[in-house]
Amino acid sequence: MKRVVILGAGISGHTAALHLQRQLKRQVEVVVVSPNSNWNWIPSNIWVGVGKMSKSQVTFPLAPIYQRKHIGFRQAKAVAIHPEGDADHPRAFVDIVYTDPTRSGDEERLGYDYLIVATGPKLNFAATPGLGPDGNSFSVCTADHAQQSAAALETLIGELEAGERKTLVIGVGHGTCTCEGAAFEYTFNVEHELRERGVRDLADVVYLSNEYDLGDLGVGGMTFAQNGFETSSKMWTESLFRERGVRAILRAHVERVDPGVIHYEELDGSKHTLDFDFAMLLPPFRGVDMKAYSNEGDDITDELFAPNGFLRVDADYESKPFDQWAPEDWPKTYQCPRYANVFGVGIAFAPPHAISEPRKSPNGTVISPAPPRTGMPSGVMGRTVALSIAERIRHGDDRPLRTASMAAMGAACIASAGAGLRRGSAAAITMYPIIPDRRRFPGSGRDLTQTSGEIGLSGHWTKLLLHYLFIYKAKARFGWFVIPE
Ligand SMILES: Cc1cc2nc3c(=O)[nH]c(=O)nc-3n(C[C@H](O)[C@H](O)[C@H](O)COP(=O)(O)OP(=O)(O)OC[C@H]3O[C@@H](n4cnc5c(N)ncnc54)[C@H](O)[C@@H]3O)c2cc1C
């Protein structure tokens, strides 16, 4: 029986595991390796971060689901890939180290016929001195981080209630960060919470970002058609910031976070400081720490992985100027060029380049967003690769692979702007394609009829409904597979 090993049980890896098992039932051995015992619906961490949801509402244990679905599970982290095996083991394998508390530190050599790398990001707080929960700022990237943020926010609200003035800074903690959408969501959820608690007038809420313009969101901004007019995500977002009284500092690279003081550089090269009482700054992402070795034991990490630690797949990695970037540069099958049985999906694959125009300050500091790979495309990639592998296992390795390029894919994202069944709101954003194609869609590079932005209470209800729907799906309950990624 063929064995498919999936590294990572997040949105892309877990989706791949469920689809593979459903396709091949007991004709395949699917083994998932993940250092966390829980699955986390990361988008709802925003609500944990403002105390509107608990950790247990956004996470659940993976082991019972995998047991029910006859999927193997190792609570462990992968540390090395041996795609050619080694002198003693001709079969390809991965080295894993258990994080399961009952056998923490034990090592295992896990052989595979197909490997899906779905390890998501390493949260690279170390890129900015003082950044992160072990330093001087908070995060909402994990449910635990979000809980810590909620506790600190609660303390701060208590001080505001006592009449003190406070500055809250929310944004990204490095010039090369991605995930500005999550920073946007947390900003407006916090702002909403301050209003609900009657202390908004004492708080200065600052959004600090590496985006060139508001509404860039790492996708180079968007143009929407609204009521017969064209509007840009820049204008749309600026009006929201004005309406809610949130101050934005853009084109910024955070150099250092000291207790209560952020040091940052702007794109024009100037250096500034910003005092804060509460800061939630997302870290930059890089690939998780994994090595790769040939069958002779040579280190081939640089061949499998790009310098940012993400897995090289079927993308065009040739370095090109911005005006020569093309939709075809983006991967379609997510197959590793050197090893046909290795795939990389979700945040774990190395993008060929950014989507937003790259920019550097006169000091040479890169200050522009890295490309986001949000939940929907990550899930679609997981499913696509699962179906490709299932077909190859059934019919042989000459079967063509399925494709799911981000240049031919749309995305929908609902960005919460405040939780509450009656007074909540969210921005519902759709775009097609994710990667702009200026040949097909002159101007903005996207189809105006399929690119839209709408903010309102119904967006909040939809986001809440999606929370329950995606957790239902991830629990592989009855009919889970009819819920789209
Ligand atoms: C705060 C926040 C809010 C967000 N909100 C939204 C939103 O509203 N909408 C949206 O579309 N997207 C949102 N995103 C983005 C979304 O969470 C990601 O697109 C998605 O999680 C990517 O899926 P993934 O499978 O690539 O990675 P992940 O979901 O991060 O999963 C990675 C998995 O790999 C595991 N892993 C790590 N290291 C190893 C290792 N060495 N070996 C084995 N396994 C390993 C991890 O434990 C995890 O199980 C948000 C992100 C953040 C941080």
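Everything below is about the structure shown above.
First, a word on scope: everything that follows refers to the structure included in this document. (Residues numbered from 1 in each chain as written. Predicted model: local features only at pLDDT ≥ 70, side-chain atom pairs only at ≥ 80, totals over all residues. Heavy atoms only, no water.)

## Some thoughts on the sheet that holds strand 17 (residues 271–275)
Applicable threshold: Each pair of strands is called paired provided DSSP finds at least two bridges between the two strands. Secondary structure follows DSSP: runs of H or I at least 4 residues long count as helices, runs of E at least 2 residues long count as strands, and numbering of each begins at the N terminus. Angles run from 0 to 180 degrees between N-to-C directions of axes, and those axes are lines fitted to C-alpha atoms, restricted for helices to the stretch in contact.
Taken in spatial order, the three strands of this open sheet run 15-16-17, and their pairing is antiparallel. The open sheet terminates on both sides in strands that have one partner only, identified here as strand 15 (252–258) and strand 17. Adjacent strand axes in the sheet meet at a mean angle of 25°, parallel and antiparallel pairs treated alike. By the bridge criterion, five bridges tie strand 16 (residues 261–266) to strand 17 in an arrangement that is antiparallel. Within strand 17, the residue paired with His-263 across the bridge is Thr-273.

## Comments concerning the pairing of strand 16
Here six bridges tie strand 15 to strand 16, and the two strands are oriented antiparallel to one another. Paired with Ala-252 across the bridge in strand 16 is Glu-266. Linking two consecutive strands that pair antiparallel, namely strand 15 and strand 16, is a turn of two residues; a positive phi of about 80° is found at Gly-260 within it. Hairpin connection of strand 16 to strand 17: four residues between the antiparallel strands, including Gly-269 at a positive phi of 95°.

## Describing the environment of Ile-42
By secondary structure assignment, the location of Ile-42 is in the loop between strand 3 (38–40) and helix 2 (45–48). Expressed as a C-alpha distance, the spacing of Ile-42 and His-467, which sit 425 residues apart in the sequence, is 9.7 Å.

## Remarks on the pattern of salt bridges
Basically, it comes down to this: Definition used for salt bridges: Asp or Glu carboxyl oxygen within 4 Å of a side-chain nitrogen of Lys or Arg.
All told, the structure shown has 35 salt bridges when counted by the stated rule. With its nearest N and O atoms 3.4 Å apart, the salt bridge here joins Asp-106 to Arg-103. Each of Lys-52, Glu-154, Glu-161, Glu-193 and Arg-197 takes part in salt bridges that share partners, so that together they form one network.

## A look at the nonpolar core
The line we're drawing: Nonpolar cores are built from buried Ala, Val, Leu, Ile, Met, Phe, Trp, Tyr and Cys residues. Side-chain atoms within 4.5 Å join them into one set. Only protein chains enter the calculation, and the probe is 1.4 Å; a residue is then buried if its accessible area is under 20% of its type maximum, exposed if over 50%, and partly exposed in between.
Counting 125 residues, the largest nonpolar core has Leu-20 and Tyr-186 as the members making the most contacts within it. Val-169, Val-206, Ile-262 and Leu-281 belong to the second largest nonpolar core, which has 15 residues in total.

## Overview of the site of the ligand
Where we set the bar: When at least one non-hydrogen atom of a residue lies within 4 Å of a molecule or strand, that residue is treated as near it. For the purposes of these results, a polar contact is taken to be a pair of N or O atoms within 3.5 Å, where, inside protein, one atom must be able to donate a hydrogen and its partner to accept one; residues adjacent in sequence count only when each atom of the pair is a side-chain atom. What sets the accessible areas is the Shrake-Rupley method with a 1.4 Å probe; for residues, cover comes only from the shown protein chains.
The immediate surroundings of the ligand are formed by 32 residues, with Ser-12, Ile-347, Arg-373, Gly-375 and Lys-463 found nearest. Measuring from an oxygen atom of the ligand, one finds a side-chain N or O atom of Asn-36 at 3.1 Å. Note that an oxygen atom of the ligand is positioned 3.4 Å from one of the backbone N or O atoms of Ala-118. Alone, the ligand offers 1,000 Å² of accessible surface; in the complex the protein occludes 89% of this. Taken together, the elements giving at least two residues each to the shell around the ligand come down to helix 1 (11–24), strand 2 (28–34), strand 5 (72–82), helix 6 (180–196), helix 9 (375–395) and strand 22 (411–416). Broken down by element, the residue count for the shell around the ligand peaks at three residues, all from helix 9.

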